[in-house]
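Here's the letter readout for the chains.
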Amino acid sequence: MEAYFDNSATTRCYDSVRDIVVKTMTEDFGNPSAMHKKGIEAENYVKESARILAGLMKVTEKEILFTSGGTESNNLALIGGAMANKRSGNHIITTSVEHAAVGQPAAYLEELGFEVTYLPVDERGVVKLDALEEALRPDTILVSTMYVNNEVGSVMPIEQIGKMVHQKSPKALYHADAIQAFGKYRIYPKKLGIDLMSVSAHKIHGPQGAGFLYISEKAKVQPQILGGGQQNGMRSGTDNVPGIAGLGVAAKEIYDHFDENIEHLYELKERLAEGLLSMENVRINGMAVREGAPQILSASFLGIRSEVLLHTLEEREIYVSAGSACSSHKRKASSTLTAMGMPKDQKESTVRFSFSEENTLEEVDYCLSVLKEVVPMLRRYARH
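The residue numbering used here restarts from 1 in each chain and proceeds along that chain's sequence as written. Where totals are concerned, whole chains, interfaces and linings use all residues; where local detail is concerned, this predicted model gives features only for residues with pLDDT of at least 70, and gives and counts side-chain atom pairs only at 80 or more. Note that water and hydrogens are dropped before the side-chain values are worked out from all heavy atoms of the structure.

A.B. asks: Residue-level account of the overall build of the protein, with values.
C.D. replies: Looking only at helices and strands, the protein has 13 helices and 12 strands in total. The size measure is the radius of gyration over C-alpha atoms, and the globule rule it meets is 2.2 Å times the number of residues to the 0.38 power. Compactness check: the protein gives a C-alpha radius of gyration of 21 Å against a globular reference of 21 Å for 384 residues, within 12% of the reference. Summarising its shape, the C-alpha atoms of the protein cover approximately 65 × 55 × 35 Å along the three principal directions. Counting all 384 residues of the protein, 57% fall into the buried class. Only runs of H or I of at least four residues qualify as helices and only runs of E of at least two qualify as strands under DSSP, and these elements are numbered from the N terminus. Exposure categories follow from relative accessible area, calculated using a 1.4 Å probe and restricted to protein chains: below 20% of the type maximum is buried, above 50% is exposed, and the middle band is partly exposed.

In structure tokens:
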């Protein structure tokens, strides 16, 4: 049996996504900027995806900007947002548990002379609202927090953050990195006070290399890619029609079955959590199972290095990640686990299981049976 539990790294494309990607690559392959029939056919796919996404979030189509994925969306939100608003102030706020696609642009902005405040989190990985309230100033121009933490599945109090930002720092834009949240929550940016929001297609069974940035019509963002003036000059370059079309189809499909998907994810997570807690010296990290995101479970197997366990499971065709897959080639101490105050031995033994609605309870049971067999063996080996 194969059990793919690394869906927060990437998901399998839906069959419907594969079909539309092939169609737009081989039949309706025109350049959407071209004025002839082939171009118009291609442009219609882009418009349809924008229509689907705008409908799901109750925003307008012109507030959807297609990108190459989450990293580009985050970079554009932070760098483009800071550059466009620097006359209003110089202060940016983010958290100590952000993905590198937010953390590194924030560090780059510091090098350019912006002042960046990094907010602490509690032992569950949730940002401390009192620290945010204290950090907000009249010259704060941008606040960026994730919606769901990619390593431990902690959910940030997005609506409270949005409200606080706009009350205390009216000039500030609020950016939410919703890459692990879109498809798992019904997200209405205007209701939540979100001005900018990043989403990636391949986390929701869409193609890799596609995503979007929601930009509120009131938000000013400076373009970072210049050239042919596509997407109203906000992001030049020929639109990735197959990726954009696939993203729209994936988003529609995941939200069409939203309630049953989410309940199924929580059932998988609960079954795994229950089995893990029956084992010796296993800790579950982050929020309580039903409080955290439905698709992510972080666990520490004390006395076993996470990479060793990862490769042992891989031999049995069970696929998990040691922390966040995006950084696992260059393994260094996780900033999220460090910010949560986790001891060194617990950090070094942490594994992330992440589900999609395509996973089954049988796969979870298979994974638990393998863990119960290999964990005592690996611990004995580690002690020698």
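Picking up after the structure, the text goes on.
A.B. asks: With reference to specific residues and values, describe helix α8 (residues 241–256).
C.D. replies: Expected span, for any helix, means 1.5 Å times one less than how many residues it has. Between its first and last C-alpha atoms α8 spans 22 Å; for 16 residues at 1.5 Å apiece the expected length is 22 Å, and the two agree. Among all positions in α8, only V241, P242, G243, I244, A245, G246, L247, G248, A250, A251, I254 and Y255 are buried. Contact criterion: two residues are considered in contact whenever any of their non-hydrogen atoms come within 4.5 Å of each other. Here the buried face of α8 lies against α1 (15–26), α2 (37–57), β2 (64–67), β8 (211–215) and α9 (258–277). Pairs of N or O atoms within 3.5 Å make up the polar contacts considered here, provided that, within protein, one atom can donate a hydrogen while the other can accept it, and that residues adjacent in sequence are counted only when both atoms are side-chain atoms. Taking the backbone nitrogen of G243 as reference, a side-chain oxygen 3.0 Å away marks N240 as the first, capping residue of α8.

A.B. asks: Outline the packing of aromatic side chains, listing residues and values.
C.D. replies: One pair of aromatic rings is described through two measures. These are the centre distance and the angle between the planes. Any Phe, Tyr or Trp ring, taking Trp's six-membered ring, that has another such ring centre within 6.5 Å forms a pair; planes under 30 degrees apart are called stacked, those over 60 apart edge-to-face, and the others tilted. Taken as a whole and judged by the stated rule, the model has six aromatic pairs. Centre to centre, the rings of F5 and F355 are 5.3 Å apart; their planes meet at 75°, and the pair counts as edge-to-face. Placement of the pair is F5 in the loop between β1 (3–4) and α1 and F355 in the loop between β12 (350–354) and α13 (361–383), with a sequence separation of 350 residues. You'll find F5 and F355 in the same group, each marked buried.

A.B. asks: Give me the pairing of strand β6 (residues 173–177): which residues, what numbers.
C.D. replies: Within β6, five of the five residues are buried, leaving the element largely enclosed by the surrounding structure. Here β6 shows two buried faces, one formed by L173, H175 and D177 and the other by Y174 and A176. For the segment spanning strand β5 (residues 140–146), helix α6 (residues 158–168) and β6, crossover handedness is right-handed. Handedness rule for crossovers: strands pointing away from the viewer, path from the first strand over the helix to the second running clockwise, crossover right-handed.

A.B. asks: With reference to specific residues and values, describe the nonpolar core.
C.D. replies: To form a nonpolar core, buried Ala, Val, Leu, Ile, Met, Phe, Trp, Tyr and Cys residues must be joined to one another through side-chain atoms within 4.5 Å. In this structure, F182, L276, F301 and F353 are the most contacted members of the largest nonpolar core, which totals 99 residues. The residues contacting F301, other than those within four sequence positions of it, are L276, M279, N281, V282, L309, S349, V351, F353, L371, V375 and R379. With 22 residues, the next largest nonpolar core counts V116, L173, A219 and V221 among its residues.

A.B. asks: Describe the sheet that holds β8, and please don't skip the residues or the numbers.
C.D. replies: Here, any two strands with at least 2 DSSP bridges between them count as paired. The strand order across the open sheet built from seven strands is β2-β8-β7-β6-β5-β3-β4, with neighbouring strands paired in mixed fashion. In this open sheet, the two edge strands, each paired with only one partner strand, are β2 and β4 (115–119). Between one strand axis and the next, the sheet turns by 20° as a mean value, whatever way the strands run. Bridging between strand β3 (residues 91–95) and β5 involves three bridges; their strand directions are parallel. Residue pairing across strands places H91 opposite T140, the latter belonging to β5. In this fold helix α3 (residues 70–84) packs onto β2, β3, β5, β6, β7 (196–200) and β8, with an angle of close to 165° to the strand it touches most, β7. Across the sheet, helix α4 (residues 100–111) touches β3, β4, β5 and β6, and the angle it forms with β4 is around 145°. The axes used here are C-alpha line fits, helices contributing only the stretch in contact, and every angle between their N-to-C directions lies in the interval 0 to 180 degrees.

A.B. asks: So what's going on with unusual backbone geometry? Which residues, and what values?
C.D. replies: Non-glycine residue K58 carries a positive phi angle of around 55°. Residue H205 is not a glycine yet carries a positive backbone phi of 70°. Locating H205 in the fold gives a position in the loop between β7 and β8. Given the relative accessible area of 1%, H205 is considered buried.

A.B. asks: Give a description of the environment of A293 that names residues and reports values.
C.D. replies: One can find A293 in the loop between β9 (282–285) and β10 (296–301). Expressed as a C-alpha distance, the spacing of A293 and L129, which sit 164 residues apart in the sequence, is 19 Å. Contact partners of A293, with chain neighbours within four places excluded, come to V148, G153, V155, Y185, Y266 and K269.

A.B. asks: Help me get a handle on the pairing of β2, residues and values and all.
C.D. replies: The side-chain alternation of β2 yields two buried faces, one formed by I64 and F66 and the other by L65 and T67. The pairing of β2 with β8 spans four bridges and is classified as antiparallel. Among the inter-strand pairings, I64 is bridged to a residue of β8, identified as Y214.

A.B. asks: Any details on the side chain of S154? Residues and values, ideally.
C.D. replies: When you line up the elements, S154 lands in the loop between β5 and α6. Separated by 2.4 Å, the side chain of S154 and the backbone oxygen of R124 make a polar contact. Excluding its chain neighbours within four sequence positions, the residues that come into contact with S154 are R124, G125, V126, Y147, V148, N149, G286 and M287.

A.B. asks: Give a description of the pattern of salt bridges that names residues and reports values.
C.D. replies: Salt bridges are defined by distance alone: a side-chain nitrogen of Lys or Arg within 4 Å of a carboxyl oxygen of Asp or Glu. Following the criterion strictly, the structure yields 25 salt bridges and no others. Between D15 and R12 there is a salt bridge whose closest N-O contact spans 3.1 Å. Residue D15 is classed as partly exposed on the basis of its relative accessible area, which comes to 39%. Between R12 and E358 there is a salt bridge, with the nearest N and O atoms lying 2.9 Å from each other. With a gap of 346 residues between them, R12 in the loop between β1 and α1 and E358 in the loop between β12 and α13 connect regions that are remote in the sequence.

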